[in-house]
Amino acid sequence: MLRWLLGAALVSRAAGFYLPGLAPVSFCEPGKDQVPDCKSTIELFVNRLDSVESVLPYEYTAFDLCSEKTLKRPSENLGQVLFGERIEPSPYKFEFKKDATCQKVCTRTYDTNNPSDKVKLDFLKKGMLLNYQHHWIVDNMPVTWCYDVEDGQKFCNPGFPIGCFVTEAGRPKDACVVNSNFNEKDAFYIFNHVDITIHYHIVEHEQLGARLVAAKIEPKSYEHPNKDSPVCSGGPKFLKSKQTGVFEIPYTYSVNFVEDKNIRWASRWDYILESMPHTNIQWFSIMNSLVIVLFLSGMVAMIMLRTLHKDIARYNQMDSVEDAQEEFGWKLVHGDVFRPPRKGMLLSVFLGSGTQIFIMTFVTLFFACLGFLSPANRGALMTCAVVLWVLLGTPAGYVAARLYRSFGGEKWKTNVLLTAFLCPGVVFADFFVMNLILWGEGSSAAMPFGTLVAILALWFCISVPLTFIGAYFGFKKTGIEHPVRTNQIPRQVPEQSFYTKPFPGIIMGGILPFGCIFIQLFFILNSIWSHQMYYMFGFLFLVFIILVITCSEATILLCYFHLCAEDYHWQWRSFLTSGFTAVYFLVYAIHYFFSKLQITGLASTILYFGYTMIMALIFFLFTGAIGFFSCFWFVTKIYSVVKVD
């Protein structure tokens, strides 16, 4: 199993995300028709622009760049819309193997005396100040900007900046450090020219033409004194912070084709993924974390098995009532251990939603391991997760109804309505408020009204009816039979020591599960907020399995100690013990925001914490459900193997 998972994690090296339904496209020189289904024109698509200093992405056209308005934009899937991707055609088009030098694309003219032009120019300057990045696509592959970093390493960024800024003190910011000519104080330098190099691989022994294996770009800045006949030489194009009058920005490009015999189409993403920062550290840290967590899990399991085996053997050897009265511990609460918990309605609803999220996460990560949800298949990960959540309403309704009936509840209508609307409603309300902020800021991440209606339709027309169906079957079945009877009079819980009180146990219970995920958490947060690609789904799936095991064992261990202390209120405590891992996740996200991110602005800060709260709630429900069901299995198991008088 471990070998298979590691093999899945290495899919980028072995198979290069060769996905079913994602076939390579062949390209030929113009005028050569001997190869069928062979294109000669290479289209370049542009995506939304984003920044590590802002959570707000914007559409390509928001910055008044050269655009193509005659062609229809490609359709996006649900995952792309949710992530704010807006792919559009561009005026950059090339003929295969036809090099071009300093070709004019368009010229943008601004008059600062014109209010409309001034707004556009100010927004462009804001984009350069916050280091907003282009994201271009050729043949479904990101156009990368590769540059040298420390220790002779080369980093390939799937994006490049609009421009950069030099402060009043003459200190260059961001990309301005790459060119010593960017030395004008209090000025914005615009990358108005790009050198594009397209690498292709000719398929040998087959009449299939050539396949594109890499597209690299180098942004540059040129003054272009003659905008009608541009010559890509001379000084850089800059815009003073307090520029007045008429200002023109001519945009140009050069393209060059290079044959590469070493890279095959199936492994064309390798050079991007191998240059991702901290990749080697990630591999070492994950393996180190897994070894530690597996060792701790083995220790917990060994202690539990040995201790319980002795307890059960001792209890089953008792022959007299006097012996039983002298004993103390978990057997003495057998008449109360299955007593329905307080707020059983809310607990059952949380467990139904947690089960739904658990199955959704497991199936999504499994498909990701197989390569179906790789970075090459844009938006597929989020689309898969949302569709699975919608279709898994039946397990949520069934689990919530079955447990609620076992708790002795009779308000089945309230239970099914809360299961269908409480947790999804909280997430949707948070998401809707965040969407209002995005709408107000004009961000491309703002979900269109039609998509919002489609999401509500999926929820009300598919998920809710499926939840009702699951609840119907859950209430139709008899309640869960317990191995021991529950006494009519509740037993008094003795005074507890500090370590067996609820709150300290809950705090301690979340430490071990969080310890096995925080390394992966860093890279997941990087992929979300720092716009880095996440592709190691094999390791993520392995960490997910370890998280489930660790949550289960930590909860069982603490549950056993509390039962030995004659405290039989285990239902809520088991849920909260594992669920408290989400609190550590929230604390880590706050630390990550202040120590790793450069986000500025009130709107971006509110969006960060708003979306983080959604992730924390989802994590709380799913880890809490793991803790409850593992503890439920444990309690049922131990009380079914002892003799009760």
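Residues numbered from 1 in each chain as written. Predicted model: local features only at pLDDT ≥ 70, side-chain atom pairs only at ≥ 80, totals over all residues. Heavy atoms only, no water.

For the protein chain, an unreviewed UniProt entry supplies the name Transmembrane 9 superfamily member and the organism Liparis tanakae. Under the Subcellular location (unreviewed entry) heading, UniProt states for the protein chain: "Membrane". (UniProt positions renumbered as here; feature names shortened; annotations may be inferred.)

This part covers the sheet that holds strand β14 (residues 163-166). The sheet built from three strands is open, its strands ordered β14-β15-β18 with antiparallel pairing. The open sheet terminates on both sides in strands that have one partner only, identified here as β14 and β18 (238-240). Neighbour-to-neighbour, the strand axes of the sheet open up by a mean angle of 25°, direction not taken into account. Pairing analysis gives four bridges linking β14 to strand β15 (residues 187-190), with the strands arranged antiparallel. Residue Gly 163 lies in a different strand from β15, and its bridge partner there is Ile 190. (Pairing = 2+ DSSP bridges. Helix = DSSP H or I, 4+ residues; strand = E, 2+ residues; numbered from the N terminus. Axes fitted to C-alpha atoms, helices over the stretch in contact; angles between N-to-C directions.)

Pairing geometry for strand β7 (residues 100-111) and strand β19 (residues 246-259), over nine bridges, is antiparallel. In the strand pairing of β19, Ala 100 is matched with Val 255. Of the strand pairs in this sheet, strand β16 (residues 193-202) and β19 are connected by eight bridges, and their pairing is parallel. By the bridge assignment, Thr 197 is partnered in β19 with Asn 256.

Let's shift gears to the state of the cysteines. In a disulfide, the sulfur atoms of two cysteines are covalently bonded to one another. Counted under the stated rule, the structure contains five disulfides. Across the disulfide from Cys 28 sits Cys 38; the S-S distance is 1.8 Å. Taking the torsion about the S-S bond as the criterion, the Cys 28 to Cys 38 disulfide, at about 95°, is right-handed. Here Cys 28, found in the loop between β1 (26-27) and β2 (38-39), pairs with Cys 38, found in strand β2; they are ten residues apart in sequence, far enough to count as distant. Put simply, Cys 164 and Cys 176 are joined by a disulfide, and their sulfur atoms are 2.0 Å apart. Measuring the twist about the S-S bond at about 90°, one finds the Cys 164-Cys 176 disulfide to be right-handed. Here Cys 164 is found in strand β14, whereas its partner Cys 176 is found in the loop between β14 and β15, with twelve residues between them in sequence. Accessibility expressed as a relative area gives 1% for Cys 176, which makes it buried. In the protein chain, the bonded cysteines, numbered by position in the sequence, are linked as 1-2, 3-5, 4-10, 6-7, 8-9. For Cys 551, which is in no disulfide, the shortest distance to another cysteine sulfur is to Cys 516 and amounts to 7.0 Å. When its relative accessible area of 1% is taken as the criterion, Cys 551 is described as buried. (Disulfide = S-S within 2.5 Å. Buried < 20%, exposed > 50% of the residue type's maximum accessible area, 1.4 Å probe, protein only.)

Going through the model one piece at a time under the given rule, you end up with 61 aromatic pairs. Residues Phe 350 and Trp 572 carry aromatic rings whose centres are separated by 6.3 Å and whose planes lie at 90° to one another, so their mutual orientation is edge-to-face. With Phe 350 in helix α8 (residues 344-369) and Trp 572 in helix α17 (residues 571-579), this pair connects stretches of sequence that are 222 residues apart. Accessibility expressed as a relative area gives 16% for Phe 350, which makes it buried. The exposure class assigned to Trp 572 is partly exposed, which follows from its relative accessible area of 22%. Ring geometry for Phe 628 against Phe 629: centres 5.4 Å apart, planes inclined by 85°, an arrangement best described as edge-to-face. Residue Phe 628 is classed as buried on the basis of its relative accessible area, which comes to 0%. Among the aromatic residues, those joined into a ring-pair cluster are Phe 358, Phe 362, Phe 366, Phe 367, Phe 372, Phe 541, Phe 544, Phe 585, Phe 619 and Phe 622. Positioned above the aromatic ring of Phe 247 is the side chain of Lys 237, whose terminal nitrogen or guanidinium carbon lies 4.8 Å from the ring centre. (Phe/Tyr/Trp six-rings, centres within 6.5 Å; stacked < 30°, edge-to-face > 60°. Lys NZ or Arg CZ within 6 Å of the ring centre and 35° of its normal.)

Take the environment of Val 484 next. With respect to the helices and strands, the residue Val 484 is situated in the loop between α12 (449-476) and α13 (502-509). With relative accessibility at 9%, the residue Val 484 sits in the buried group.

With 14 residues, helix α10 (residues 393-406) should cover 20 Å at 1.5 Å per step; its first-to-last C-alpha distance of 20 Å lies within 8% of that length. Counting buried residues in α10 gives ten out of 14 residues, a clear majority hidden from the surface. Those residues of α10 that sit buried are Gly 393, Ala 396, Gly 397, Val 399, Ala 400, Ala 401, Arg 402, Leu 403, Tyr 404 and Ser 406. Lining the buried residues of α10 we find α8, α9 (380-391), α11 (412-441), α12 and α19 (602-640). One or two positions beyond α10, positive phi appears at Gly 408, with a value near 85°. (Expected span 1.5 Å × (residues − 1). Contact = heavy atoms within 4.5 Å.)

Here the focus is the sheet that holds strand β10 (residues 141-142). Taking strand neighbours across the sheet as the criterion, the four strands line up as β6-β3-β9-β10 in an open arrangement whose pairing is antiparallel. At either margin of the open sheet sits one strand with a lone partner, and together these are β6 (88-95) and β10. As paired strands, strand β9 (residues 136-138) and β10 are joined by two bridges and run antiparallel to one another. Its bridge partner being in β10, Val 138 is matched across the sheet by Met 141.

It is worth spelling out the nonpolar core at this point. Of all hydrophobic cores here, the largest spans 152 residues; its most connected members are Phe 94, Trp 136, Val 635 and Tyr 639. Taken domain by domain, this core gets at least three of its residues from each of domain 1 (27-275) and domain 2 (278-308 + 328-482 + 503-641). (Core = buried A, V, L, I, M, F, W, Y, C linked by side-chain atoms within 4.5 Å. Domains from an automatic or database assignment.)

We now examine the confidence of the model for the protein chain. With 88% of its residues at a pLDDT of at least 70, the protein chain reaches an overall mean of 84. This stretch, residues 1-21, has a pLDDT under 50; its non-local contacts, to residues over four places away or in other chains, come to 41 contacts. (pLDDT = per-residue confidence, 0-100.)

Considering all chains together, one arrives at twelve salt bridges under this definition. For Asp 50, the salt bridge is made with Arg 48, and the minimal N-O distance between the two is 3.3 Å. A relative accessible area of 5% places Asp 50 in the buried class. Notably, a salt bridge pairs Lys 237 with Glu 223, separated by 3.3 Å at the nearest N-O pair. Here the residue Lys 237 occupies a position in the loop between β17 (210-220) and β18, and Glu 223 occupies one in the loop between β17 and β18, the gap between them amounting to 14 residues. (Salt bridge = Lys/Arg side-chain N within 4 Å of Asp/Glu carboxyl O.)

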